[in-house]
Amino acid sequence: MLKNDSYKFSLRKNDEVQVISGREKGKIGKILKVDLKNCRVLVEKTNLVKRHVRPTQKNSGGIVEKELPLHYSNVLLLCPKCNRGVRHGIKWMDGVNKQNTKPEASSKGQKKAKIRICKRCSEALDVA
Ligand SMILES: [Zn+2]
């Protein structure tokens, strides 16, 4: 179904991202939650909305600020080296099976690691 899309969508929880569009443009935050189904990410302290909450036993009510999820195309993964949001590529770390690439065929322990790299400076963005 959405295979091609989910491939591009390689943001994960705790990634640092920069918002590139909308009113929160330029903001940097950590991903709190990834919604693969809707291709959305929840970024810490961005896209805040004010919610008026009725007092309950749990909280005292009032105005609560809450994050709204952003579409993944509105954020870019932050490259610590470039110090900005960048487009990232995928690199397969290993090099063992280059010819016979049946994903299921790879034996145990020979797992290929997919890492994300910065397209500007080629810095690996994933800490192994
Ligand atoms: Zn970079």
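Scroll up to find the structure.
Definitions and cut-offs
- Counting of residues starts from 1 at the beginning of each chain's written sequence and follows it residue by residue.
- Whole-chain, interface and lining totals are the exception, using all residues; otherwise, since this is a predicted model, local features are given only for residues with pLDDT of at least 70 and side-chain atom pairs are given and counted only at 80 or more.
- The rule for pairing is simple: two strands pair if DSSP sees at least two bridges between them.
- In DSSP terms, a helix is any run of H or I states spanning at least four residues, a strand is any run of E spanning at least two, and both are numbered starting from the N terminus.
- The burial criterion counts other C-beta atoms lying within 10 Å of a residue's C-beta, which is placed from the backbone; the residue is buried at 20 or more, exposed at 12 or fewer, and partly exposed between these limits.
- We call two residues in contact when the distance between their C-beta atoms, placed using the backbone, is within 7 Å.

Colleague: It is not clear to me how the sheet that holds strand 2 (residues 28–35) should be interpreted in this structure. Could you clarify?
Modeller: In a beta sheet, neighbouring strands are held together by backbone hydrogen bonds and run either parallel or antiparallel to one another. Judged by pairing direction, the sheet is antiparallel, and its 6 strands sit side by side in the order 6-3-2-1-7-8 without closing on themselves. Each having just a single partner strand, strand 6 (70–71) and strand 8 (84–86) make up the two edges of the open sheet. Inspection of the sheet shows strand 7 (residues 75–79) paired to strand 8 by 3 bridges, in the antiparallel sense. Note on strand 8: the bridge partner recorded for leucine 77 is valine 86.

Colleague: What exactly am I supposed to notice about the pairing of strand 1 (residues 16–19) here?
Modeller: The side chains of a regular strand alternate between both faces of the sheet. Sheet topology note: the strand 1/strand 2 ladder contains 3 bridges and is antiparallel. Bridging across to strand 2, glutamate 16 finds its partner in lysine 30. Of the strand pairs in this sheet, strand 1 and strand 7 are connected by 3 bridges, and their pairing is antiparallel. The residue of strand 7 that forms the bridge with glutamine 18 is leucine 76.

Colleague: What is the right way to read the environment of arginine 87 from this model?
Modeller: Tracing the sequence through the fold places arginine 87 in the loop between strand 8 and strand 9 (88–93). Under the C-beta neighbour-count criterion, arginine 87 is labelled exposed, with 10 such atoms within 10 Å. Discounting chain neighbours no more than four positions away, the residues touching arginine 87 are Leu76 and Lys119.

Colleague: Which parts of the structure should I look at to understand the pairing of strand 3 (residues 40–43)?
Modeller: Pairing analysis gives 4 bridges linking strand 2 to strand 3, with the strands arranged antiparallel. Residue pairing across strands places isoleucine 31 opposite valine 43, the latter belonging to strand 3. What sits between the antiparallel neighbours strand 2 and strand 3 is a turn of 4 residues, in which cysteine 39 has the positive phi angle 55°. With 2 bridges joining them, strand 3 and strand 6 adopt antiparallel strand pairing. Pairing of valine 41 across the sheet is with leucine 70, part of strand 6.

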